[in-house]
Amino acid sequence: MSRPTGPLSGLRVVAIEQAVAAPLCSRHLADLGADVVKVERPDGGDFARDYDTFVKGMASHFVWLNHRKRSVALDVKSEGGRGALRELLATADVLLSNLRPGAIERVVSPEELNEINPGLVTCQISGYGPDGPYRDRRAFDLLVQGEAGVTANTGLPGAPAKPGVSLADLAAGIYATTAILAALRARDASGEAQHVHISMFDVLAEWMSPLLLAYREKGVDIEPAGTRHATITPYGPFTAADGVVLNIAVQNDRQWLLLCGVLGLEQMAADARFATNGRRLANRVEVEEAVAFAVAAHGHDELAVLLDGAGIPWGRMNGTAEVARHPQLEAGKRWRPVRLPNGEFASVLASPFRVTGFEPPDDARVPALGEHTDEVLGDVHSDSRSRSA
């Protein structure tokens with residue numbers, strides 16, 4: 001593996017991580033050039049390695065989240081493993097973990113960390129945070145989505161649904177990335193250790209804020225609206241004459257008038273009952289039935305021209321197959337090669353970060369379990385000898 005380059009090159013992140021939330025965070029840091037050392041159990045490693053076999057025998061989640069990292073296999077329950085980990089942490093800038101509550105403290109205590117590396121940035125991702133009655137609960141994505149009200153507000157009334165991606169994990173990983181970068185800046189300014197804790201529940205509760213505020217301030221419990229918007233209309237999917245489903249997103253009253261002009265709904269445009277979004281919501285069924293009827297009179301290609309010409313936001317309701325070959329991804333060369341431990345190649349999406357003057361090299365690899373143990377620990381011992389000389 002070549003030496004990482006990029007805005008974060010020179011930084012070392014030790015990630016004691018599993019599954020999705022912390023691995024997403026550390027992969028973002030690796031994409032930006034950090035040396036991410038993934039510490040795994042010798043007996044199987046990150047359990048996400050075994051989620052499925054969709055990518056030439058490897059798990060899709062693991063391939064996606066762990067390329068550009070180095071894997072070190074350590075039994076941190078043994079004295080030898082803990083000793084090796086302490087030596088590694090002495091050379092690190094960041095310790096990232098998302099183990100069950102209390103687990104990381106049993107491996108290395110805060111007091112030990114301060115003694116080992118007084119300038120270390122630590123970041124823990126947990127289900128519910130370090131305090132409160134739920135602090136000791138184990139948490140997985142579905143459980144947190146349910147506790148935070150996301151599933152109850154997805155789908156339709158009486159038919160809650162889980163989003164198709166692991167929303168709590170992904171949100172926590174993104175927030176952790178941001179917080180770590182801020183903590184590194186504070187550490188560099190003060191020279192002092194910084195501690196970050198990201199709660200999956202807190203993150204989703206924040207994203208629920210519009211619904212929570214409507215309830216707390218007005219007593220309004222907004223019902224889920226499926227693929228439509230709960231509080232804006234017309235805003236959702238409509239089916240063209242040829243069966244293609246288009247999402248049309250009217251965000252304001254001006255766009256409503258433009259849409260009426262495009263679809264031949266001039267009478268509705270002149271009707272005071274539909275003049276504002278609040279009034280359209282009060283007459284939602286009539287508005288959406290009229291728009292659906294008008295949309296169904298046109299093929300999707302014709303609608304695309306009409307909507308673009310009027311400046312009305314729209315997009316297709318794509319499935320996974322359509323996104324996998326999406327022209328935007330193809331034009332941007334977003335699919336990049338990644339080498340698997342067995343020597344075969346797969347494709348992964350390039351980092352969504354676009355940083356001036358930096359392009360991640362096309363040498364990404366997914367590490368085999370413990371592949372870099374000797375290499376990393378050898379580097380650590382060399383660093384230790386250099387500091388003591």
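Here the structure is a predicted model, which means the values were calculated and not measured.

A. Expanded view of a positive patch on the surface. Taken together, K77, R100, R106 and R138 make up a surface patch of like positive charges. Inspection of the secondary structure puts K77 in the loop between β3 (69-73) and α3 (79-89).

B. Layout of the sheet that holds strand β1 (residues 12-16). Read from one edge of the open sheet, 6 strands run β3-β2-β1-β4-β5-β8, paired in parallel fashion. The open sheet is flanked by β3 and β8 (194-199), the only strands paired with a single partner. Taking each pair of neighbouring strands and ignoring which way they run, the sheet shows an average axis angle of 20 degrees. Pairing analysis gives 6 bridges linking strand β5 (residues 121-126) to β8, with the strands arranged parallel. Looking across to β8, one finds that T122 is bridged to H195.

C. Up close: empty space enclosed by the protein. Evaluated as defined, the whole model comprises 4 cavities of 30 Å³ or more. If you add up the space inside the second largest cavity, you get close to 80 Å³. Around the second largest cavity, the lining is made up of 14 residues, and of these H67, R68, R336, V348 and A350 lie nearest the centre. Contributions of two or more residues to the lining of the second largest cavity are made by β12 (335-339) and β13 (345-349).

D. Region of interest: the layout of surface pockets. Put simply, the largest pocket is a space of about 970 Å³. Of all elements in the fold, only β2 (35-40), α4 (103-107) and β5 reach the threshold of two or more residues within the lining of the largest pocket. The dominant element in the lining of the largest pocket, judged by the number of residues it contributes, is α4, at 3 residues. Per-class residue counts for the lining of the largest pocket are 18 nonpolar, 7 polar and 14 charged. The space that makes up the second largest pocket amounts to roughly 700 Å³. Around the second largest pocket, the lining comprises 25 residues; the ones closest to its centre are S60, H61, W64, W335 and L349. Taken together, the residues that form the lining of the second largest pocket break down as 16 nonpolar, 7 polar and 2 charged.

E. Looking closely at the environment of L263. Within the fold, L263 resides in helix α10 (residues 253-263). The exposure class assigned to L263 is buried, which follows from its relative accessible area of 8%. Sequence spacing of L263 and E147 is 116 residues, and the spatial spacing of their C-alpha atoms is 42 Å. Ignoring anything within four residues of it in the chain, the contact list for L263 reads V291, A294, V295 and L303.

F. A look at the nonpolar core. Counting residues in hydrophobic clusters, the biggest one holds 34 residues, and the most contacted among them are L96, C123, I125, I180 and I198. The element contributing the most residues to this core is helix α7 (residues 167-190), with 7 residues. Not counting the four nearest positions on each side in its chain, C123 is found in contact with L95, L96, S97, A176, I180, V196 and I198.

G. Just the sheet that holds strand β10 (residues 245-249), in detail. The sheet built from 3 strands is open, its strands ordered β9-β10-β11 with antiparallel pairing. The strands lining the two open edges of the sheet, one partner per strand, are β9 (235-239) and β11 (314-316). On average, each strand axis in the sheet is tilted by 25 degrees relative to the strand beside it, whichever way the strands run. Relative to β10, β9 runs antiparallel, the two sharing 5 bridges. Counterpart to Y235 in the pairing with β10 is A249. On top of the sheet, helix α13 (residues 284-295) reaches β9 and β10; it is set at about 40 degrees to β9, its chief contact.

H. Quick look at the pattern of salt bridges. Summed over the entire model, instances satisfying the criterion amount to 26 salt bridges. Its salt-bridge partner being R27, residue D31 comes within 2.7 Å of it at the nearest N-O pair. Taken together, the residues D31 and R27, both in helix α1 (residues 21-31) and 4 residues apart, mark about one turn of the helix. Here the two residues D31 and R27 agree in accessibility, since each one is buried. The salt bridge partner of E288 is R228, with a shortest N-O separation of 2.7 Å. Of the two residues, E288 is situated in helix α13 and R228 in the loop between α9 (209-218) and β9; the sequence distance between them amounts to 60 residues. Classification of E288 as buried rests on a relative accessible area of 12%. Three or more residues are tied together by salt bridges with common partners; here these are R12, D35, R70, E375 and D379.

I. Local environment of α9. Across the 10 residues that make up α9, only a small minority, 1, are buried. Directly beyond the C-terminal end of α9, a positive phi value near 70 degrees is found at G219.

J. Highlighting the packing of α10 against α13. One can describe the packing of α10 onto α13 by two numbers: an axis separation of 10 Å at closest approach and a directional angle of 40 degrees. Relative to α13, the element α10 lies oblique. Note that α10 runs across α13; the crossing there is left-handed. Residues W256, L259 and L263 of α10 form the contact with α13, whose participating residues are V287, V291, A294 and V295. Tallied by class, residues from the contact of α10 with α13 come to 7 nonpolar, no polar and no charged.

What counts, and at which threshold
Residues numbered from 1 in each chain as written. Predicted model: local features only at pLDDT ≥ 70, side-chain atom pairs only at ≥ 80, totals over all residues. Heavy atoms only, no water. Patch = residues over 30% accessible without salt bridge, like charges linked within 9 Å, V, L, I, M, F, W, Y side chains within 5 Å. Areas by Shrake-Rupley, 256 points an atom, 1.4 Å probe, with all protein chains shown as cover. Salt bridge = Lys/Arg side-chain N within 4 Å of Asp/Glu carboxyl O. Lys, Arg positive; Asp, Glu negative; His and termini not counted. Charge placed at Lys NZ, Arg CZ, Asp CG, Glu CD. Helix = DSSP H or I, 4+ residues; strand = E, 2+ residues; numbered from the N terminus. Pairing = 2+ DSSP bridges. Axes fitted to C-alpha atoms, helices over the stretch in contact; angles between N-to-C directions. 1 Å grid on protein atoms, 1.4 Å probe; cavity = no way out; pocket = protein on both sides within 12 Å on 5 of 7 lines; lining within 4 Å. Points joined across faces, edges and corners; volume = space filled by probe spheres on them. Nonpolar A, V, L, I, M, F, W, Y, C, P; charged D, E, K, R; others polar. Buried < 20%, exposed > 50% of the residue type's maximum accessible area, 1.4 Å probe, protein only. Contact = heavy atoms within 4.5 Å. Core = buried A, V, L, I, M, F, W, Y, C linked by side-chain atoms within 4.5 Å. Parallel < 35°, antiparallel > 145°, perpendicular 65-115°, else oblique. Left-handed = near helix turned anticlockwise from the far one by under 90°.

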